[in-house]
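Remarks on the overall topology
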Amino acid sequence: MILTLFGTFLLFLALGVPVAFSTGLASLVVVLLEPSLSIRLLVTKAFGGMDSFPLMAIPFFILAGEIMACSGLTQRIVNLAMALVGHIRGGLAHVTVLANALMAGVSGSASADCAATGSILIPAMIRQGYKPAFAALITSFSAMMGPIIPPSIFMIIYGSMAGVSIGKLFIGGVIPGLLIGLSLMTLVAILVRRDAFAVPTMAFSVRECGRSLVGAIWALVMPVIIVGGILGGFMTPTEAGIVAVAYSLFVGFFVYRTLTLRQLRALTMQAALSSANIMMVVGFASVFGTIMALGRFETQLMTGLFAIASEPWIVITILIVSLALIGSLMDEVSTAVLFVPSLAKVGAMLGYDPVHFGVVMVLAIMLGAVVPPVATLLFIGCSIARIPLSAIIRLVWVFLIPLLLVNLLIAYVPPLVTYLPALF
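Residues numbered from 1 in each chain as written. Predicted model: local features only at pLDDT ≥ 70, side-chain atom pairs only at ≥ 80, totals over all residues. Heavy atoms only, no water.

Things to note about the overall build of the protein
For the protein, the count of helices and strands is 21 helices and zero strands. In terms of C-alpha radius of gyration, the protein reaches 21 Å, essentially the compact-globule figure of 22 Å for 424 residues. Counting only C-alpha atoms and orienting by the principal axes, one finds that the protein spans roughly 70 × 45 × 45 Å. Across the 424 residues that make up the protein, the buried fraction comes to 54%. Of all intrachain contacts in the protein linking residues separated by at least 6 positions in sequence, the fraction that spans at least 24 positions is 78%. Entry remark: accessible area of the protein is about 17700 Å², with carbon and sulfur atoms responsible for 70%. Across the protein, the centroid of the 18 positively charged side chains sits 13 Å from that of the 12 negatively charged ones. (Helix = DSSP H or I, 4+ residues; strand = E, 2+ residues; numbered from the N terminus. Rg over C-alpha atoms; globule rule 2.2 N^0.38 Å. Buried < 20%, exposed > 50% of the residue type's maximum accessible area, 1.4 Å probe, protein only. Contact = heavy atoms within 4.5 Å. Areas by Shrake-Rupley, 256 points an atom, 1.4 Å probe, with all protein chains shown as cover. Lys, Arg positive; Asp, Glu negative; His and termini not counted. Charge placed at Lys NZ, Arg CZ, Asp CG, Glu CD.)

Have a look at this one:
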């Protein structure tokens, strides 16, 4: 059953069928070939997978991120980042990392952050003398903080499918997200230490920092309200999504006054389409996951892993690398929805804290977004820099090393993830 399921799934992927339909068609083939399975399974599990109260938060957070970005928020965050680190050697590259860290607290989406900050900073870096490949890479890899630093759409998907507290996943991603940013800034400092174009062109100013902070304060307050409300028990993740939309509408219409009703209509349609795409993947993947569970996939996976190694730290290393490779062949949402239920059971069998294991797995899956051939974030960065993906292939591994090291570090040192959630 499992071999047939994955075999047909890979066949449809090779034929160019979208991931959502590949999972659905592969499930249909297994149901038709397996007498013990009813065709009703396709309908009941598909709709059952989408009929989830926590998943209702996704369209609200997507819409809130779209509204905040359209309200001129990105430029204000870039201005704040420029005031804080623009005076450092390689300033614009450091600004890109910091701006993405700040944007992560608003949108919760890596792709949205990459497109928003990249549209401003990639052309600016190129004008200053940075190579287009470098500008595209640092922007794409910095956007990895989007699903790690709360609030995170990806954490909502993981928590709802694995039965883990979304609020604790949110707060558990804070330290790993900051570590990603620090590792990338360290890499930038190493790479630009001898480049003449990386010499800072501005001086540090406390007054400018204060002015920029006032301009971006409404954006910085938003994640505090959302995460604080969830952890404090004042609202569920879905209710927090509604609050995020209301907050973003208030900021867009009455504070910044840059949002119009015509823009809101377009943003709502865009958020609806993005949400529908995610929910379609969730629905068909729920059927796929049910068949995997009936075929005892997690038991077979554990047997195979312990046949290779018996130490849990070696097993989790294999899982991290495997998920990154799987994520390089399909988008990160599809990877998560397909494998999260089984992975959560594997983590429990290994004795890992569910929040710790969840954050480690989310980052591992996100690594696939910067590993060719799919590499969603790299495609966004390259399109803005107007270069082909082939122009950066050889440099991807240089930027991938810090992220992989951070992933392994948080996997081997659980308090980096569990310390903050334990306080609440």
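Side note on the nonpolar core
It is characteristic of soluble globular proteins that their nonpolar side chains tend to be buried jointly. In this structure, F141, Y158, M361 and L378 are the most contacted members of the largest nonpolar core, which totals 155 residues. When residues no more than four places from it in sequence are discounted, the contact partners of M361 are Y158, I316, L319, I320, L323 and L343. (Core = buried A, V, L, I, M, F, W, Y, C linked by side-chain atoms within 4.5 Å.)

What to know about the confidence of the model for the protein
For the protein, the average pLDDT comes to 85, and 99% of its residues sit at 70 or higher. The secondary-structure element of the protein with the lowest mean pLDDT is helix α15 (residues 297–308), recorded at 73, while helix α11 (residues 174–191) shows the highest, at 93. (pLDDT = per-residue confidence, 0-100.)

Remarks on the packing of aromatic side chains
The full count for this structure, using the stated rule, is 13 aromatic pairs. Aromatic pair F134 and F399: ring centres 5.9 Å apart, planes at 65 degrees, arrangement edge-to-face. Separated by 265 residues along the polypeptide, F134 in helix α8 (residues 132–142) and F399 in helix α20 (residues 396–412) bring together distant segments of the chain. By the burial criterion, F134 is buried, and F399 matches it. By way of ring pairs, the aromatic residues W218, Y247, F250, F253 and F254 are connected into one cluster. (Phe/Tyr/Trp six-rings, centres within 6.5 Å; stacked < 30°, edge-to-face > 60°.)

Observations concerning the pattern of salt bridges
What the rule picks out here adds up to one salt bridge. One salt bridge in this structure joins R211 and E208, with 2.6 Å as the shortest N-O distance. Highlighted residues: R211 and E208, both in helix α12 (residues 206–231), separated by three residues, approximately one helical turn. Accessibility expressed as a relative area gives 53% for R211, which makes it exposed. Accessibility expressed as a relative area gives 27% for E208, which makes it partly exposed. (Salt bridge = Lys/Arg side-chain N within 4 Å of Asp/Glu carboxyl O.)

Considering the environment of F288
Considering the arrangement of structural elements, one finds F288 in helix α14 (residues 261–294). Sequence separation of F288 and L5 is 283 residues, and the distance between their C-alpha atoms is 8.0 Å. Once residues lying within four places of it in the same chain are set aside, the contact partners of F288 are L5, F6, F9, T23, A26, S27 and L338.

Examining the packing of α12 against helix α13 (residues 237–255)
Running from amino to carboxyl end, α12 crosses α13 at an angle of 160 degrees, the nearest separation of the two axes being 10 Å. Here α13 runs roughly antiparallel to α12, going by the angle between their axes. Helix-helix and strand crossings are classified by hand; for α12 and α13 the assignment is right-handed. On α13, the residues touching W218, V221, M222, I225, I226 and I230 of α12 are P237, A240, V243, A244, Y247, F250, V251 and V255. The residue makeup of the contact of α12 with α13, split by class, is 14 nonpolar, no polar and no charged. (Axes fitted to C-alpha atoms, helices over the stretch in contact; angles between N-to-C directions. Parallel < 35°, antiparallel > 145°, perpendicular 65-115°, else oblique. Left-handed = near helix turned anticlockwise from the far one by under 90°. Nonpolar A, V, L, I, M, F, W, Y, C, P; charged D, E, K, R; others polar.)

Notes on a nonpolar patch on the surface
A cluster of nonpolar side chains, L213, I217, W218, V221, I225, V243, F250 and F254, forms an exposed patch at the surface whose accessible area comes to about 640 Å². Secondary-structure assignment places I225 in helix α12. Classification of I225 as partly exposed rests on a relative accessible area of 32%. (Patch = residues over 30% accessible without salt bridge, like charges linked within 9 Å, V, L, I, M, F, W, Y side chains within 5 Å.)

Describing the environment of F9
Within the element layout of this structure, F9 appears in helix α1 (residues 2–14). A relative accessible area of 2% means that F9 is categorised as buried.

Let's talk about helix α5 (residues 73–85)
The first and last C-alpha atoms of α5 sit 19 Å apart over 13 residues, in line with the 18 Å expected at 1.5 Å per residue. All buried positions along α5 are accounted for by L73, T74, I77, V78, L80, A81, A83 and V85. As for α5, its buried residues are in contact with α4 (57–70), α6 (91–104), α7 (110–128), α11 and α12. (Expected span 1.5 Å × (residues − 1).)

A word on the packing of α1 against α14
Orientation of α1 relative to α14, taken along the N-to-C sense of each, is 150 degrees, at an axis distance of 9 Å. One way to sum up the angle between α1 and α14 is to call them roughly antiparallel. Here I2, L5, F6 and F9 of α1 lie close against α14, whose contacting residues are F288, I291 and M292. Here the contact of α1 with α14 is composed, by residue class, of seven nonpolar, no polar and no charged.

Quick word on helix α18 (residues 354–367)
Relative to the 20 Å expected for 14 residues at 1.5 Å per residue, α18 spans 20 Å between its end C-alpha atoms, a close match to the ideal helical length. With 13 of its 14 residues buried, α18 lies for the most part within the structure. Its side-chain oxygen 3.0 Å from the backbone nitrogen of V355, D353 forms the N-cap of α18. (Polar contact = N/O pair within 3.5 Å; in protein donor to acceptor, adjacent residues only side chain to side chain.)

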